[in-house]
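# Structural overview for review
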Amino acid sequence: MNPKMSALRKKAMALPLLPGVYIMHAADGEIIYIGKAKALKNRVSQYFGSQNNHPEKVRRMVSNVDDFEYIITDSEFEALILECSLIKQHTPKYNILLKDDKGYSYIRVSPGDWSKLSYVLQKKDDGAEYIGPYKSSFYVKSAVEEANKIFMLPTCSRSFPRDFRKGRPCLNYHIKQCMAPCTGRVKLADYRESLHQALGFLKGGSSNSIKQLTAQMEEAAENLEFERAARIRDKIRAVKRMGDKQKVVANKVLDEDVIASFSNDGKTCFQVFRFEGGRLFDRESFIFDSGDEQSDAEEFLISYYTLRGDVPKNIALGNPLDGLDDVARWLSEKRGGKVNLTVPQRGEQAQLAAMCRSNAAEALAQQKGATVREYSVLEELREILGLDNIPEYIESYDISNLAGTENVAGMIVYKNGKPLKSAYKKFKIKGFDGQDDYASMAEVLTRRFTEYYNAEEADEGFGKLPDLILLDGGRGQVAAVKEVFAKMNISVPLFGLVKDDKHRTRAVTGDGGEIAINSRRQLFAFLSKMQDEVHRFAIGYHHQRRKNATFKSSLTTIDGVGEVRAKALLKYFRTIDNISKADLEELKNAPKMTKDTALAVYKYFHPDKE
């Protein structure tokens, strides 16, 4: 904790309740954070109060603050303008700072008769033709991929005519996305025509391309070139199909940006969709450490449009923003005209914002090694259980026994919605004999969290606290483990998975009764799969121990064979069947065996032999 916390809080409490900008300094005088406030006293004093409610990014910043200064302004809007100017001037490490590292992109037309289309980030003096530059690499990449598919141009590394008839056509030929000049059966004139049509599509867009292709088709039909006319007709259809996919939205969405964010586990991803003429022409993704959600959104907007320069007339946000009016006013002044900054609640715009937020979640999930589908079910689980964060690391427990014998438990782990088998654990119940599922569960969790307190590594195995624990069982199991948590000062969300009379997952139970999950298809499938997995793991361990116990008990009935020799024999021969088939010499040579004991074992399995 910051040793100057008390002094800083005292200073903050003396600030006026006026709008302004506050500037945080480190011990060496470096400016590490700049923010604005509607009421300086209220905003700044929050930093130096309890740290429990602050995100990790804010706690790190506060721990490095040695002093702060402030500037009073006449309005919150003036504070916003001053904040933008100071951030641009000082680039503090804890503010959101974006870098313009996109560069420019080009469409490359390789030299030679059999030219190919590709997208590149730099021009080279290699004899190729370069079209551009384009600011949006997303647009260039997508457009070139579309053109190559529609006009069936090759994208492989083969060179023509050098590689004619030197190999079979690739998959693209069979799915009608390449005309396969590698076969040597494509005329150069037809290839060049497709290439020029693709360039027309890239330079003029789909509508102009359709007009040109339609004219060429009609001309070919008039000249009785019906095969050529049919090929052009197929290209027109492909352009129209691709155009429908490109639109994504209705024509009334003209020029606008859609911005949404998704936060989890100390990280936030902002996604930006840029539309022009009803078409998605660019998308960008930014991931950074989370701070205060409202401040992050405002900082991101200011930083993004300071970086990009061009501000569209319409901006739709997927997340609410406290200072919406002031930010809209700042954007309007920057654009030189009114900017409509909205948070749509319904209709097409709301759907776009939801799509943008979903892509932000996908980008964040991919960084963590998960898919958006897995994240969505974890988000649903967080919502239905009322958790503060998405449960990325889940432990699930089940007890298995047969009439109180070979009493064991299994623990499985799900990380980012997937089984983490390297973290699975097995437990043999040691505290008592007989059947008592409640006491068994209590013992297992006691041992698990004893290991947690003894662990040297805080982020591995038992040294890691899970985000959620699920028990196979109802209120009894949950209550037994709650007592363990209270004694050991453990604060982890705890719930039970309840099954119906057909042994299928029916509900989740906690302190407040049961929560039905049957109507939630994704969540029902996820929890059922987890419960089946922990049951399989626990009962598998139980069967293994029963099998070993059966083997040992049959061997220990032989004169001279106790627990140690029985275990050694099983380890050496692997199975009882192998022991029964072994000859006398093999038994004599086994570990921990004597001649007399080997003879006794041999006679036990071969009573009819002398």
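Summary of the structure given here. (Residues numbered from 1 in each chain as written. Predicted model: local features only at pLDDT ≥ 70, side-chain atom pairs only at ≥ 80, totals over all residues. Heavy atoms only, no water.)

### Focus on the nonpolar core
- Among the nonpolar cores identified, the biggest contains 31 residues, and Leu381, Leu385, Ile394, Leu468, Leu470, Phe526 and Leu527 are the most heavily contacted of them.
- At the level of elements, α11 (347-367), α12 (372-385), β13 (405-415), β16 (468-472), β17 (494-499) and α15 (521-555) are the ones that each hand at least two residues to this core.
- When residues no more than four places from it in sequence are discounted, the contact partners of Leu468 are Leu381, Leu385, Leu387, Pro391, Tyr393, Ile394, Glu395, Val492, Pro493 and Phe495.
- Of all hydrophobic cores here, the second largest spans 28 residues; its members include Val140, Met179, Cys182 and Leu202. (Core = buried A, V, L, I, M, F, W, Y, C linked by side-chain atoms within 4.5 Å. Buried < 20%, exposed > 50% of the residue type's maximum accessible area, 1.4 Å probe, protein only. Helix = DSSP H or I, 4+ residues; strand = E, 2+ residues; numbered from the N terminus. Contact = heavy atoms within 4.5 Å.)

### Side note on the sheet that holds strand β8 (residues 267-276)
- A sheet is described by the order of its strands in space; here 5 strands give the open sequence β9-β8-β7-β10-β11, paired in mixed fashion. Edge positions in the sheet fall to β9 (279-289) and β11 (340-342), since each of these pairs with one other strand and no more. On average, adjacent strands in this sheet sit at an angle of 15° to one another, irrespective of strand direction.
- Examined bridge by bridge, strand β7 (residues 256-264) and strand β10 (residues 314-317) share 4 bridges and lie parallel to one another. For Asp257, the partnering residue across the bridge sits in β10 and is Ile315. (Pairing = 2+ DSSP bridges. Axes fitted to C-alpha atoms, helices over the stretch in contact; angles between N-to-C directions.)

### A word on the side chain of Glu533
- Positionally, Glu533 belongs in helix α15.
- Once you skip the residues sitting within four places of it in the chain, Glu533 turns out to touch Ile412, Tyr414, Lys421 and Tyr424.

### Some remarks on the layout of surface pockets
- Estimated volume of the second largest pocket: approximately 590 Å³.
- Taken together, 21 residues line the second largest pocket, and the ones lying closest to its centre are Met152, Cys178, Met179, Arg231 and Lys235.
- Elements with a contribution of two residues or more to the lining of the second largest pocket: α5 (137-150), α7 (188-222) and α8 (226-247).
- Here the lining of the second largest pocket gets 6 residues from one element, more than from any other, and that element is α8.
- For the lining of the second largest pocket, the residue count by class is 8 nonpolar, 2 polar and 11 charged. (1 Å grid on protein atoms, 1.4 Å probe; cavity = no way out; pocket = protein on both sides within 12 Å on 5 of 7 lines; lining within 4 Å. Points joined across faces, edges and corners; volume = space filled by probe spheres on them. Nonpolar A, V, L, I, M, F, W, Y, C, P; charged D, E, K, R; others polar.)

### Things to note about unusual backbone geometry
- Put simply, Phe160 and Pro161 share a cis peptide bond, and its omega is 10°.
- Inspection of the secondary structure assignment puts Pro161 in the loop between α5 and α6 (171-174).
- The backbone of Thr91 sits at a positive phi, close to 40°, despite the residue not being glycine.
- Its place among the elements puts Thr91 in the loop between α4 (76-90) and β4 (105-109).

### Some details on the sheet that holds strand β3 (residues 67-72)
- Strand order in this open sheet of 3 strands is β2-β1-β3, and the pairing throughout is antiparallel. Of all strands in the sheet, those with a lone pairing partner are β2 (31-37) and β3, marking the two edges. Looking at each pair of strands side by side, their axes are set apart by 20° on average, direction ignored.
- Pairing between strand β1 (residues 20-25) and β2: 6 bridges, direction antiparallel. Within β2, the residue paired with Tyr22 across the bridge is Gly35.

### Section: the state of the cysteines
- Tallied over the full model, the rule gives 0 disulfides.
- For the unlinked cysteine Cys178, the closest cysteine sulfur is that of Cys170, found at 5.5 Å.
- Cys178 gets classed as buried once you look at its relative accessible area, which sits at 7%. (Disulfide = S-S within 2.5 Å.)

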